[in-house]
Amino acid sequence: METLSTSLAFGGVQGVYRHTSAATGTNMTFSVYVPAHAKGEKLPVLWYLSGLNCTHANVTEKGEYRHACAEFGLILVAPDTSPRGEGVPDDPGGAYDFGLGAGFYVDATEPPFAANYRMWSYVTEELPALIAAEFPTDMDRQSIFGHSMGGHGALTIGLTLPDRFRAVSAFAPIVAPGQVPWGHKAFSGYLGDNRAAWRKHDAVALIEDGARRKDLLVDQGDADTFLGEQLKPNLLAEACSDAGIDLTLRMQPGYDHSYFFISTFMEDHIRWHAERLEIAPERAVENVEL
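Reading the values: the criteria
- Residues numbered from 1 in each chain as written.
- Predicted model: local features only at pLDDT ≥ 70, side-chain atom pairs only at ≥ 80, totals over all residues.
- Heavy atoms only, no water.
- Helix = DSSP H or I, 4+ residues; strand = E, 2+ residues; numbered from the N terminus.
- Rg over C-alpha atoms; globule rule 2.2 N^0.38 Å.
- Contact = heavy atoms within 4.5 Å.
- Areas by Shrake-Rupley, 256 points an atom, 1.4 Å probe, with all protein chains shown as cover.
- Lys, Arg positive; Asp, Glu negative; His and termini not counted.
- Charge placed at Lys NZ, Arg CZ, Asp CG, Glu CD.
- Phe/Tyr/Trp six-rings, centres within 6.5 Å; stacked < 30°, edge-to-face > 60°.
- Buried < 20%, exposed > 50% of the residue type's maximum accessible area, 1.4 Å probe, protein only.
- Lys NZ or Arg CZ within 6 Å of the ring centre and 35° of its normal.

Draft legend 1. Fine view of the overall build of the protein chain. Looking only at helices and strands, the protein chain has 11 helices and nine strands in total. The C-alpha radius of gyration of the protein chain comes to 18 Å, within 12% of the 19 Å expected for a compact globule of 290 residues. In terms of its C-alpha atoms, the protein chain occupies a principal-axis envelope of roughly 55 × 45 × 35 Å. For the protein chain, the share of sequence-separated contacts (at least 6 apart) that also reach a separation of at least 24 residues comes to 73%. Carbon and sulfur atoms make up 49% of the accessible area of the protein chain, which totals about 11,500 Å². Measuring between centres, the 22 positive side-chain charges of the protein chain sit 3 Å from its 38 negative side-chain charges.

The structure is reproduced here in structure tokens:
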């Protein structure tokens, strides 16, 4: 693992790192925020998955999460959204919603993408092993959230691996990619015509097929231009209602799809995760004073 940069923030360290990934066959860059902590202390981990056309840098620079993570003693990990580098296949027309920056958190099975686009394995297996080895983590206490395509990833990973992630939340997620244009394009390109494989990467379909969580938190701006065609949170609400999952869906008046929206409600989500990770506020205050 190569350290690209480190900066002090709210008493902790914001770092950006790079390593060679066996899963993707490329170099992968990611960011990790480690709050101040006592020597030998292990900290819970919050995973943030980014959206279409993003890298680790979007949330790292605009997410405004460090104050809350420092308060609660939470490590935040932000991976990239796809493999990158020379020879990695991209959308033939250079579109933003497929190929580079748009891995959709699946393991592709279709050529030419199958060799590199293995983001499910990268995010759920390879990167967690690296984080556990290199940072002061308590891997028995993890949770996950994300935005848009990353919200899709957080929901599907959290629904598939409920024993690993204590909490799942999302900002403006693609809740039913099998029913919207973004998902049709991505799944056709990465997974082909196997609709059964599509359902394993579709939050609404996973719930319909029996996946369960106690609760979920979703924030969605009602001025989001992608709301009606691509996001469709009503489908998640219906699926959760039918399945008995306690979904808190907050429609936020006037907010769009941007990081102005995400940063506004970031602290709410971190506090929600901290409660489910059983982090005591008084412990966090002590941590910041170290």
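That was the structure; now back to the text.
Draft legend 2. Structural view of the packing of aromatic side chains. Following the criterion strictly, the structure yields 17 aromatic pairs and no others. Relative to Phe135, the ring of Tyr17 has its centre 5.3 Å away and its plane inclined at 70°; by these criteria the two rings are edge-to-face. Linking Tyr17 in strand β2 (residues 12-20) with Phe135 in the loop between α3 (119-134) and β6 (137-147), this pair joins segments that are 118 residues apart in sequence. The residues Tyr17 and Phe135 share a single accessibility class, namely buried. Each member of the aromatic cluster is reached from another via a ring pair, and the members are Tyr48, Phe145, Phe171, Tyr255, Phe261 and Phe265. One Lys or Arg, Arg195, reaches over the ring of Trp198 and ends 3.9 Å from the middle of that ring.

Draft legend 3. Just the environment of Leu236, in detail. Take Leu236: it is sitting in helix α9 (residues 233-243). Separated by 20 residues in sequence, Leu236 and Leu216 have C-alpha atoms that sit 10 Å apart. Here Leu236 is in contact with Leu155, Val175, Val204, Ile207, Val218 and Leu247, once residues within four sequence places are set aside.

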